[in-house]
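Here is what each chain is made of, one letter per residue.
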Amino acid sequence: QVQLVESGGGLVQAGGSLRLSCAASGRTFRTIGWFRQAPGKEREFVAAIIWSDGNTGYYADSVKGRFTISRDNAKNTVYLQMNNLKLEDTAVYYCAASPYYSGSSGAPQMYAYWGQGAQVTVSS
C-alpha cells in the first residue's frame, strides 16, 4: 500500500531552521513535492524534485534561497531543509507524490498521493 509518512515539524523561532522528512513506500514516483497550507489560505506549492534527477530542485519564489529539497535513494526519503524561517512560513506542510514529471508545476492536481501533514510554527 502506498504511504507517505512525514516527520520533522515543530516550533521554531524566526531565523531558525527545521528539516522535514517524507518517507515513501509502496511504489515509486517520478516527482515528490512539498506544499503548505496556512489557515484561511489556499494550498501553496513550496518545492519539488524529480526523483531520477535528484540534483535540481524547483522552488516557489517565496522560499527560494532559504529552502532546499533533496532525496536519499537508500532511505527512499525526500527532505525539505528550511533555513531562515519567517513568521509567514507557519503552515501545515504536506509532501505529495506525482506519477508525472511535475517539478516545474505547482499544480496540486498533478499529485496523486499525500502525506498526513506536518505542522510548522514559526514564532517571534
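Residues numbered from 1 in each chain as written. Predicted model: local features only at pLDDT ≥ 70, side-chain atom pairs only at ≥ 80, totals over all residues. Heavy atoms only, no water.

Asker: Is there a simple way to explain the pairing of strand β8 (residues 77-82) in this structure?
Answerer: The side chains of a regular strand alternate between both faces of the sheet. In terms of residue burial, β8 counts as a mostly covered element, since five of its six residues are buried. The pairing of strand β3 (residues 18-25) with β8 spans six bridges and is antiparallel. The residue bridging Ala23 from the neighbouring strand is Thr77, located in β8. In the sheet, strand β7 (residues 67-72) pairs with β8 via six bridges, with the strands oriented antiparallel. Residue pairing across strands places Thr68 opposite Gln81, the latter belonging to β8. If you look at the hairpin formed by β7 and β8, you'll find four residues sitting between the two strands, and Asn76 has a positive phi there, around 50 degrees. (Buried < 20%, exposed > 50% of the residue type's maximum accessible area, 1.4 Å probe, protein only. Helix = DSSP H or I, 4+ residues; strand = E, 2+ residues; numbered from the N terminus. Pairing = 2+ DSSP bridges.)

Asker: What's the story with the side chain of Glu6 in this structure? I'm lost.
Answerer: Examined against the element boundaries, Glu6 turns out to sit in strand β1 (residues 3-7). Although Glu6 lies buried, it forms no salt bridge, and the closest oppositely charged side chain, Arg43, sits 9.8 Å away as judged by the N-O distance. Among the polar contacts made by the side chain of Glu6, one reaches the main-chain amide nitrogen of Gly117 at a distance of 3.2 Å. Polar contacts involving the side chain of Glu6 include one to the main-chain amide nitrogen of Ala118, which spans 3.4 Å. Not counting residues within four places of it along the chain, the set of residues in contact with Glu6 comprises Ser21, Trp34, Tyr93, Tyr94, Cys95, Gly115, Gln116, Gly117 and Ala118. (Lys, Arg positive; Asp, Glu negative; His and termini not counted. Salt bridge = Lys/Arg side-chain N within 4 Å of Asp/Glu carboxyl O. Polar contact = N/O pair within 3.5 Å; in protein donor to acceptor, adjacent residues only side chain to side chain. Contact = heavy atoms within 4.5 Å.)

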